[in-house]
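Summary of structural features
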Amino acid sequence: MKKRESLPVLGSAEISRRTLLSGVARGGCALALMQFGCTVAEVTCDDARNITFSIEPGSPFAVLEEVGEMLAVDAGCLKLVLIRRSEEEIIALDRICPHAFCEMSPGQSGVWVQGTGDAEYLECTCHTSRFAADGSKISGPTPTGVDSFPVSFNPDTGRWLVEIESAAGNQG
Amino acid sequence: MMVLRLLVLLATTLYSAHAFAVPRLSLVAGSPCATCHENPTGGGLRTLVGFETMHATAAVKWKSAESMSGRPIEQGLGNLLKGMTSNQLFDDRLSLGYDIRLQWAHLGRPRQTVDSSGNERIEIPPMRVIPMQMAPYARVHLTEWLKVYGGFNVGPKTFRGEACDPHFRGQQCFDAALQAKAAPGLTVRGGMIQPSIGIRHDDHTIMIRGDASDRQTPIIPANYAEWGGEVSYHPISWFRVEAGVFETSQLDEVLNDQRAKAGRTERGIDMLAYGGRITWLPQFRLGGSSTQAAGGSEVSDDFDDDFDDDFGDDFDDEASVAEPIAPVAPLMMNGWLGFSGYGSGEFYLLNAFAGLGTSQGLSFFAEMSHSDRESCHETWNGLFATNWALRDWFVLAARAEYGWTKRVPPPGRENGEYTTAQYVMGVEFFPLPLIEIRPEYRLVMADEYTFGQATVQLHLFY
């Protein structure tokens, strides 16, 4: 009769190798099932809406008067950063870095570097991912670029418009 | 050479490391963190007591194994880790250790997207293997009363020439301290150290030191450390106090909501920070005895004279008197009650904590924290956790947390209050010595999303 092998000193009781391996296998299967069956995801923020604003002294958008300045803006679920790229242009990018989800906003993990070509970028200071003005990835560990949204200025009203509702977002 | 290549490959994909402590062990054992860790605030390199405790914590223990089919289990495992019975070298003058953690998880939050057909759907971040930690440690006893210890946090860029690659703002790449026993119960340490703030936990996603409005920028990140010094006074087993002074470079990096301002003081932070913590650690014996009856002790003398059982027999016979009663470990209940404060300039962080643990392996602890800073940025965080060690190698764990932050909201957000609740349930399973597998279910309920997922952590340590 074949001697049954047992694993010594399992806690305070002996169990067989088969029992231990069976338990580990069952636990692994349970964990795999949990991954597929127990993931819960719900988004409760509002749908993103277009943003219109004017740059007036004392308004939250006043900081955008200066070239090179940034401002974080929420549009429902969408987290944007507006950047005064030039006297004539403001750009709007998704401010959540796709790498580790740091917020690329002033005072948090975002820095805008003025320049030309690849020398101009939005940098996530968490891990130095860099994005061009159109949101495309320049360098760093980010897997993708970030969405950019059209921004236009109406000289008649003096207001800027960030188009979100009609634009699916142009991922760089 | 192959092992080295594998290590380099592993290290180059790693984020920087975090040093973790396991508060429940302190509550269950009734010992302060310094009993098991060289760092008195917990986490990092283990003392001999800490190493031997964790080396004996396993479902399958090869150290005390009996022969298996005639073969010692060490051979059955291919002599794996044979001889690694201590982390002390050269007559305890040198101690080495490490922590390596890999985490399988969906990293991030669900997002609402619109597909090409115009349908809204919820996108979940993909499952990723996240190298959470790779940290070697060392300690050298210079004299009986003086030691130096430290650790280094390896990041993805470490092996590409850039030594420091922290994950969180304010996180340091290394910690190092010179620690001296100045007098009985009095310890002084100085160097790149973490101030004694509340309870030091073993999970960097714990919110107590975080910010509900920005989970990627915790107020006190894992491996936060500053140049400074701290005095610890532990005159009696149930009372401990720490006080220290620290530089504020890393704190300024964490709290820098106002980068436009030129100097640190203009951002509401002074050049120095002050911290202190006071802790009461009462212990209560609830039952059990270590008395042995062999040899005619007091217990058996009582039975000798007075006791008859229902069958008319008495126990006053030679066999009963001589038979030893095995010692029964006392049932202890260990507690914590403590407060800490840490601040500089306009910033302060206050913590209050309490815990109860039994030597049978059940523990509860709770902590609250409150912070404020110059830029109208206030946080309140709370935590309640419980652990139940069914075996020393199998521990059930659960915690509930709540975070509230009030800050100046960005345009487009209705109010400046952010809330996040987090519930975590899991298991700490030690299948073999020095290996931990930690499956968990995490449910995060923030203002804008709810996300529940199963995660697994593999922890290798020495």
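Residues numbered from 1 in each chain as written. Chains lettered and ligands numbered in written order. Predicted model: local features only at pLDDT ≥ 70, side-chain atom pairs only at ≥ 80, totals over all residues. Heavy atoms only, no water.

Here we take up the overall build of chain A. The helix and strand tally for chain A stands at one helix and 15 strands. The 172 residues of chain A split such that 43% are buried. A sequence separation of at least 24 residues applies to 42% of the contacts in chain A between residues at least 6 apart. Working note: accessible area of chain A is about 8,600 Å², and carbon and sulfur atoms make up 53% of it. (Helix = DSSP H or I, 4+ residues; strand = E, 2+ residues; numbered from the N terminus. Buried < 20%, exposed > 50% of the residue type's maximum accessible area, 1.4 Å probe, protein only. Contact = heavy atoms within 4.5 Å. Areas by Shrake-Rupley, 256 points an atom, 1.4 Å probe, with all protein chains shown as cover.)

What follows covers the overall build of chain B. Within chain B, the secondary structure is distributed over seven helices and 20 strands. Within chain B, the proportion of its 462 residues that are buried is 48%. Within chain B, contacts between residues separated by at least 24 positions form 62% of all contacts whose residues are at least 6 apart in sequence. Carbon and sulfur atoms make up 62% of the accessible area of chain B, which amounts to about 21,200 Å² in all.

The subject of this paragraph is the nonpolar core. Of all hydrophobic cores here, the largest spans 17 residues; its most connected members are I51(A), F53(A), L64(A), L82(A), V162(A) and I164(A). Broken down by secondary-structure element, the contributors of at least two residues to this core are β4 (51–53), β5 (70–75), β6 (78–84), β7 (90–94) and β14 (159–162) of chain A. Y149(B), I197(B), A273(B) and L349(B) belong to the second largest nonpolar core, which has 16 residues in total. (Core = buried A, V, L, I, M, F, W, Y, C linked by side-chain atoms within 4.5 Å.)

Here we come to the pairing of strand β20 (residues 449–461) of chain B. By the criterion of burial, β20(B) is predominantly enclosed, with eleven of the 13 residues buried. As paired strands, strand β3 (residues 40–43) of chain A and β20(B) are joined by four bridges and run antiparallel to one another. Within β20(B), the position partnered with V40(A) by the bridge is G452(B). Sheet topology places strand β2 (residues 94–106) of chain B next to β20(B); six bridges connect them, and they run antiparallel. By the bridge assignment for β20(B), R101(B) is matched with H459(B). Bridge count for strand β19 (residues 435–446) of chain B against β20(B) is eleven bridges, and the pairing is antiparallel. Across the sheet, I437(B) pairs through a bridge with L458(B), a residue of β20(B). Counted along the chain from β19(B) to the antiparallel partner β20(B), the turn is two residues long. (Pairing = 2+ DSSP bridges.)

Attention now moves to the packing of aromatic side chains. Residue and element names in this part refer to chain B. Summed over all chains, the structure comprises 16 aromatic pairs over all chains. Ring geometry for F246 versus Y342: centroids 6.1 Å apart, planes at 70°, classification edge-to-face. In this pair, F246 sits in strand β10 (residues 239–247) while Y342 sits in strand β13 (residues 331–344), placing the two residues 96 residues apart along the sequence. Here F246 and Y342 have matching classes, each one buried. Measuring from centroid to centroid gives 6.3 Å for F430 and F461, while their planes differ by 90°, and the two rings are edge-to-face. On the criterion of sequence distance, the pair formed by F430 in the loop between β18 (417–429) and β19 and F461 in strand β20 is long-range, its members being 31 residues apart. (Phe/Tyr/Trp six-rings, centres within 6.5 Å; stacked < 30°, edge-to-face > 60°.)

This part is about the confidence of the model for chain A. Residue and element names in this part refer to chain A. Here chain A shows a mean pLDDT of 81. Residues at 70 or above account for 74%. Considering each helix and strand of chain A separately, the mean pLDDT is smallest for strand β1 (residues 6–10), with a value of 41, and largest for β7, with 96. Below a pLDDT of 50 lies the segment residues 1–14, which in the model reaches 30 contacts outside its immediate sequence neighbourhood of four places, other chains included. (pLDDT = per-residue confidence, 0-100.)

Let us look at the environment of D46(A). Residues and elements named next belong to chain A. Note on placement: D46 falls in the loop between β3 and β4. Between the C-alpha atoms of D46 and S109, which are 63 residues apart in sequence, the distance is 24 Å. With sequence-adjacent residues up to four places away left out, D46 is seen in contact with G76 and C77.

What follows deals with the sheet that holds strand β10 (residues 129–131) of chain A. All names here are of chain A. Across the sheet, which stays open at both edges, the four strands sit in the order β8-β9-β10-β11 with antiparallel pairing between neighbours. Pairing within the sheet leaves two strands with one partner each, and these edge strands are β8 (110–113) and β11 (137–139). Across the sheet, the axes of successive neighbouring strands diverge by a mean angle of 30°, strand direction being ignored. As paired strands, strand β9 (residues 121–124) and β10 are joined by three bridges and run antiparallel to one another. Directly across from E123, in β10, lies its bridge partner R130. (Axes fitted to C-alpha atoms, helices over the stretch in contact; angles between N-to-C directions.)

Residues and elements named next belong to chain A. One open sheet accounts for three strands, arranged β4-β14-β13; its pairing is antiparallel. Edge positions in the sheet fall to β4 and β13 (151–154), since each of these pairs with one other strand and no more. With direction set aside, neighbouring strand axes in the sheet form an average angle of 20°. As paired strands, β13 and β14 are joined by four bridges and run antiparallel to one another. The residue of β14 that forms the bridge with F153 is W160.

Residue and element names in this part refer to chain B. For helix α3 (residues 48–55), the complete set of buried residues consists of G50, F51, M54 and H55. The arc enclosing the buried residues of α3, seen along the axis, measures out at 125°, which places them on a common side. Where α3 is buried, its residues meet α2 (23–29) and β20. (Arc of directions from axis to C-beta.)

All names here are of chain A. Considering all chains together, one arrives at two disulfides over all chains under this definition. Disulfide pairing places C45 opposite C77 at an S-S distance of 1.8 Å. What sets the handedness of the C45 and C77 disulfide is the S-S torsion sign, and at about 110° it is right-handed. Residue C45 is located in the loop between β3 and β4, and its partner C77 is located in the loop between β5 and β6; the two are separated by 32 residues in the primary sequence. As far as burial versus exposure is concerned, C45 and C77 are alike and both buried. Two residues share a disulfide in this structure: C102 and C126, whose sulfurs sit 2.0 Å from each other. (Disulfide = S-S within 2.5 Å.)

On to the environment of I83(A), then. As for its position among the elements, I83(A) is in strand β6. Residue classification places I83(A) among the buried positions, given a relative accessible area of 0%.

Inspection of every chain in the model, using the stated rule, returns 23 salt bridges over all chains. Here K79(A) makes a salt bridge to D74(A), at a shortest N to O gap of 3.3 Å. Here D74(A) falls in the buried class, since its relative accessible area comes to 5%. Note that R277(B) is salt-bridged to E242(B), the shortest N-O span being 3.2 Å. Of this pair, R277(B) sits in strand β11 (residues 272–280) while E242(B) sits in strand β10, placing them 35 residues apart in sequence. The pair R277(B) / E242(B) is uniform in exposure class, with both members buried. The network of salt bridges with common partners includes D74(A), K79(A), R95(A), E103(A), R109(B), R413(B), D447(B) and E448(B). (Salt bridge = Lys/Arg side-chain N within 4 Å of Asp/Glu carboxyl O.)

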